[in-house]
Amino acid sequence: MAIGGIASTGGVNKKYPGKLTHFVLRSCLVAAMGGLIFGYDIGISGGVTSMGPFLDKFFRSVAKKKNHSGTTNKYCQYNSQMLTLFTSSLYLAALLSSLAASTVSRKFGRQRSMLFGGLLFFAGGLFNFIAQHVWMLIVGRVLLGFGVGFANQAVPLYLSEMAPSKYRGCLNIGFQLLITFGIVFANVLNFFFGKITSDWGWRSSLGGAMIPALVIIIGSLWLPDTPHSMIDRGNHHEAKEQLQKIRGVDNVDEEFNDLVAASIASTRVEQPLRKLRERKYRPQVSLAFLIPMFQQLTGINVIMFYAPVLFNSIGFKDKASLMSAIIT
């Protein structure tokens, strides 16, 4: 289906020839699986930390307070710095790795950045699955966090650069959609694995991250890099061939020339931070800061990370807490 892409250059809207090809749809679907892993990691930790066998093995002080809830303030029964570190270490690692992920993505391409993120995801899931000590749990979560940093940087960029501009928002939102699906999927698995009274329950929940990680690893080996990334690395001939393939037409000269011009213009910006402070960019930069800031201030992350724990703290039993997290 011929749709044509639309871009803005110098204030003039351009309509490029091209189609939304099946190749692009498949590529974007595989790439968006990075969101599934992130969502899975968000949703899995709260359910696992409410499982009795998990607490008995690694956080006995918490388990003791939980089992004697009649004499302990329910609000404080999960008061453990190590238990908090188990959850938060992933996000601290993601913050640090995101600083390096942009450089890796720019120098080696979006596809390799996603592959590296997938390998880190798999290693983190494996460490958590075989964990025998708290430090192994923390190392596993840190590796998962490094994977999150790379995936969150590379996947949205990959989706934006592969999609025809007319459908860029539609395909890019697939990343967010799969994050949400990953959260729901993790809570459903927690509910069923929580019925297992042995260590295999929490091990299955934590180790489940390896399955979507394998999808990313295998998919990244098949995924092509984006024309924009190829141009940035000087591979112009390959970039043009790739653009013809993903647009499904041979006449891509205008779009290709605009991509080359944009790449050259970006290399001439000596002080990008000063450039962003220019008046014409202030609305976009302001929204880029304010939207995620207000999202955090709503407190939604507390619900996503700790929903089963919160429900358990107000008196719900373990199974009811996990089911309430699914409903939420």
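Residues numbered from 1 in each chain as written. Predicted model: local features only at pLDDT ≥ 70, side-chain atom pairs only at ≥ 80, totals over all residues. Heavy atoms only, no water.

Draft legend 1. Molecular detail of the overall build of the protein chain. Scanning the protein chain for helices and strands turns up 16 helices and two strands. With respect to the three principal axes, the spread of C-alpha positions in the protein chain is 70 × 40 × 35 Å. Burial statistics for the protein chain: of 328 residues in total, 46% are counted as buried. Excluding contacts between residues fewer than 6 apart, the proportion of contacts in the protein chain whose partners are at least 24 apart in sequence is 74%. With the model as given, the accessible surface of the protein chain reaches about 16900 Å², and the carbon-plus-sulfur share is 66%. Each charge class in the protein chain can be summarised by its mean position, and for the 32 positive and 16 negative side chains these summaries are 10 Å apart. (Helix = DSSP H or I, 4+ residues; strand = E, 2+ residues; numbered from the N terminus. Buried < 20%, exposed > 50% of the residue type's maximum accessible area, 1.4 Å probe, protein only. Contact = heavy atoms within 4.5 Å. Areas by Shrake-Rupley, 256 points an atom, 1.4 Å probe, with all protein chains shown as cover. Lys, Arg positive; Asp, Glu negative; His and termini not counted. Charge placed at Lys NZ, Arg CZ, Asp CG, Glu CD.)

Draft legend 2. Quick peek at helix 12 (residues 253–267). Here helix 12 contains 15 residues, and its C-alpha end-to-end distance of 21 Å stays within 8% of the 21 Å for a straight helix at 1.5 Å per residue. Of the positions making up helix 12, those classed as buried are Glu 255, Phe 256, Asp 258, Leu 259, Val 260 and Ser 263. (Expected span 1.5 Å × (residues − 1).)

Draft legend 3. Just the layout of surface pockets, in detail. Of the volumes computed, that of the largest pocket is approximately 870 Å³. Its residues placed into classes, the lining of the largest pocket shows 15 nonpolar, nine polar and no charged. Put simply, the second largest pocket is a space of about 460 Å³. Surrounding the second largest pocket, 14 residues form its lining, Arg 110, Glu 161, His 228, Asp 232 and Ser 266 being those nearest its centre. Of the residues that constitute the lining of the second largest pocket, the class distribution is two nonpolar, eight polar and four charged. (1 Å grid on protein atoms, 1.4 Å probe; cavity = no way out; pocket = protein on both sides within 12 Å on 5 of 7 lines; lining within 4 Å. Points joined across faces, edges and corners; volume = space filled by probe spheres on them. Nonpolar A, V, L, I, M, F, W, Y, C, P; charged D, E, K, R; others polar.)

Draft legend 4. Examining the packing of aromatic side chains more closely. Under the counting rule described, the total for this entry stands at 13 aromatic pairs. Between Tyr 40 and Phe 185, the ring centres sit 6.2 Å apart and the planes meet at 50°, which makes this aromatic pair tilted. Linking Tyr 40 in helix 1 (residues 22–48) with Phe 185 in helix 7 (residues 168–193), this pair joins segments that are 145 residues apart in sequence. The exposure class assigned to Tyr 40 is buried, which follows from its relative accessible area of 2%. For Phe 185, a relative accessible area of 36% puts it in the partly exposed group. Plain terms: the ring middles of Phe 54 and Phe 86 are 5.4 Å apart, the flat faces sit at 50° to each other, and that makes the pair tilted. With Phe 54 in helix 2 (residues 52–58) and Phe 86 in helix 4 (residues 81–108), this pair connects stretches of sequence that are 32 residues apart. Among the aromatic residues, those joined into a ring-pair cluster are Phe 54, Phe 58, Phe 59, Phe 86 and Trp 202. The ring of Phe 58 carries Lys 57 above its face, with NZ or CZ at 5.8 Å from the centroid. (Phe/Tyr/Trp six-rings, centres within 6.5 Å; stacked < 30°, edge-to-face > 60°. Lys NZ or Arg CZ within 6 Å of the ring centre and 35° of its normal.)

Draft legend 5. Representation of the pattern of salt bridges in the model. Under the defined criterion, the tally for this structure stands at six salt bridges. In this structure, Lys 240 and Asp 253 form a salt bridge, with 2.8 Å as the shortest nitrogen-oxygen distance. One end of the pair, Lys 240, is in helix 11 (residues 236–247); the other, Asp 253, is in helix 12, and 13 residues separate them in sequence. Given a relative accessible area of 36%, Asp 253 falls into the partly exposed group. The structure contains a network of salt bridges with shared partners spanning Arg 110, Glu 161 and Asp 232. (Salt bridge = Lys/Arg side-chain N within 4 Å of Asp/Glu carboxyl O.)

Draft legend 6. Local environment of the confidence of the model for the protein chain. Looking at the protein chain as a whole, the pLDDT averages 83, with 94% of positions reaching at least 70. This stretch, residues 1–11, has a pLDDT under 50; its non-local contacts, to residues over four places away or in other chains, come to 35 contacts. (pLDDT = per-residue confidence, 0-100.)

Draft legend 7. Seen up close, the nonpolar core. Counting residues in each nonpolar core, the largest one holds 68 residues, and the members touching the most others are Phe 54, Leu 55, Phe 58, Phe 59, Leu 137 and Leu 206. If one sorts the elements of this core by residue count, helix 1 sits on top with 14 residues. Not counting the four nearest positions on each side in its chain, Leu 55 is found in contact with Thr 49, Arg 60, Val 62, Ala 63, Lys 66, Tyr 78 and Leu 83. (Core = buried A, V, L, I, M, F, W, Y, C linked by side-chain atoms within 4.5 Å.)

Draft legend 8. View of the packing of helix 7 against helix 16 (residues 318–327). For the pair helix 7 and helix 16, the least separation of the axes is 9 Å and the interaxial angle reads 160°. In terms of orientation, helix 7 and helix 16 fall into the roughly antiparallel class. You can see that helix 7 and helix 16 cross each other, and the crossing is left-handed. In this structure, helix 7 contributes Asn 187, Val 188, Asn 190 and Phe 191 to the contact, and helix 16 contributes Lys 319, Leu 322, Met 323, Ala 325 and Ile 326. When grouped by side-chain class, the residues that make up the contact of helix 7 with helix 16 number six nonpolar, two polar and one charged. (Axes fitted to C-alpha atoms, helices over the stretch in contact; angles between N-to-C directions. Parallel < 35°, antiparallel > 145°, perpendicular 65-115°, else oblique. Left-handed = near helix turned anticlockwise from the far one by under 90°.)

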